[in-house]
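Residues per chain, in single letters:
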Amino acid sequence: MLKEFKADLHIHTCLSPCADLNMSPLAVVNAAAEKGIDIIAVTDHNSAENVLAAQRAALDKDITVLAGMEIASSEEAHIIALFNKVETVIALQDIVYANMLPIENDEKMYGEQIVANENDEVTGFNKRLLIGGTLLPAQDIINTIHSLGGLAVASHIDKEAFSIISQLGFITEDMGFDALEMSRNMDRNTAEIAFKMYSSYAWISSSDAHYPQDIGKRTVSFFMHEPTIEEMTLAFNNLDGRKVVWE
Ligand SMILES: [Zn+2]
Ligand SMILES: [Zn+2]
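Remember, it's a predicted structure, so these values are computed and weren't measured experimentally.

Parameters and conventions
- Residues numbered from 1 in each chain as written.
- Chains lettered and ligands numbered in written order.
- Predicted model: local features only at pLDDT ≥ 70, side-chain atom pairs only at ≥ 80, totals over all residues.
- Pairing = 2+ DSSP bridges.
- Helix = DSSP H or I, 4+ residues; strand = E, 2+ residues; numbered from the N terminus.
- Axes fitted to C-alpha atoms, helices over the stretch in contact; angles between N-to-C directions.
- Contact = placed C-beta atoms within 7 Å.
- Expected span 1.5 Å × (residues − 1).
- Buried ≥ 20, exposed ≤ 12 C-beta atoms within 10 Å, placed from the backbone.
- Arc of directions from axis to C-beta.
- Core = buried A, V, L, I, M, F, W, Y, C linked by C-beta atoms within 7 Å.
- Right-handed = clockwise from strand over helix to strand, strands pointing away.

A. Quick peek at the sheet that holds strand E10 (residues 220-224). With respect to topology, nine strands assemble into an open sheet ordered E9-E8-E7-E4-E3-E2-E1-E10-E11, the strand pairing being mixed. The open sheet terminates on both sides in strands that have one partner only, identified here as strand E9 (203-205) and strand E11 (243-245). Here the average twist between neighbouring strands, direction ignored, is 30°. The pairing of E10 with E11 spans three bridges and is classified as antiparallel. From the neighbouring strand, Phe222 faces E11, where its bridge partner is Val244. Helix H5 (residues 138-147) contacts strand E3 (64-72), strand E4 (78-83) and strand E7 (151-154) of the sheet and is inclined by roughly 5° relative to E4.

Below you can see the structure in the form of structure tokens.
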């Protein structure tokens, strides 16, 4: 029997300089669970240091936290990486950190980058400049995500900045994206007209929440056996009855 899983696969925590300081891993998980969301992904900019805390905070709740990251390519295009395990996203983080300019975050200008544990205690501040682009071209990011067994999703392709389309002009099949994401301001009918040429892809839409009240403002439904990357891969490819539905 396939089950329906409500998913919001693009959520920032207080580690992202642009996100609200109230977006602690515990607060994010609690808010998502209260809203009846079954799967979330923690996708901070160029870092995954709050993923473990979010996964631990979810242990006693009926919610799955995927290990994610939103990477900014050298072309300043955002790409979401999704994995089952925190160890894998940390392996990606090692590669991302090795490909960032050695610039410190200016907290006054961009905001604090807080690392917290599952009990809502601050355990550190990330000093790297997470908000900028990495030195990794988009294609290298996609290939690296795949080599680690993850899913690569083109972030908010309808946005006029920081999307693959805004930065590169197009998406081609051989780039290998597993799905394309529309921002929460885009409605399905408009997307079907504007992005008709990409109708062969799985589409998702997510909240891209930076504030607690935005969590779950946009979700998609997965029909699959269990909340794993393997099942989501089947859903993105419409295989064995699995599917993802954005209404
Ligand atoms: Zn983004
Ligand atoms: Zn984002």
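B. Representation of helix H3 (residues 86-97) within the structure. With twelve residues, H3 extends 16 Å between its outermost C-alpha atoms, agreeing within 8% with the 16 Å of an ideal straight helix rising 1.5 Å per residue. Within H3 the residues assigned to the buried category are Val86, Thr88, Val89, Leu92, Gln93 and Val96. Buried residues of H3, viewed axially, fall in a sector of 160°; they line one side. Turned more than 90 degrees away from the buried face of H3 sit Glu87 and Asp94, all of them exposed. Residues of H3 that are buried sit in contact with helix H2 (51-57), E3, E4 and H5.

C. Structural view of H5. Within H5, burial applies to Ala138, Ile141, Ile142 and Ile145. Relative to the axis of H5, the buried residues are bounded by an arc of 95° and lie together on one face. The secondary structure elements touched by the buried residues of H5 are E3, E4, H3, E7 and helix H6 (164-168). Positive backbone phi, approximately 85°, marks Gly149, located one or two places after H5.

D. Main features of the environment of Ala161. In this structure, Ala161 sits in the loop between E7 and H6. Residue classification places Ala161 among the exposed positions, given that 10 C-beta atoms sit within 10 Å. When the C-alpha positions of Ala161 and Asn238 are compared, they lie 30 Å apart, and in sequence the two are 77 residues distant.

E. View of the nonpolar core. With 74 residues, the main nonpolar core has Val28, Ile79, Ala81 and Val153 as its most contacted residues. Discounting chain neighbours no more than four positions away, the residues touching Ile79 are Ile71, Ser73, Ala138, Ile141, Ile142, Ala152, Ala154 and Ser155.

F. Region of interest: the pairing of strand E2 (residues 39-42). Residues Ile39 and Ala41 line one face of E2 and the alternating positions Ile40 and Val42 line the opposite face, and both faces are buried. The pairing of strand E1 (residues 3-11) with E2 spans three bridges and is parallel. Note on E2: the bridge partner recorded for Ile11 is Val42. Of the pairings in the sheet, the one linking E2 to E3 comprises four bridges and is parallel in character. Across the sheet, Ile39 pairs through a bridge with Thr64, a residue of E3. In this fold, E2 hands off to H2, which returns the chain to E3; that crossover is right-handed.

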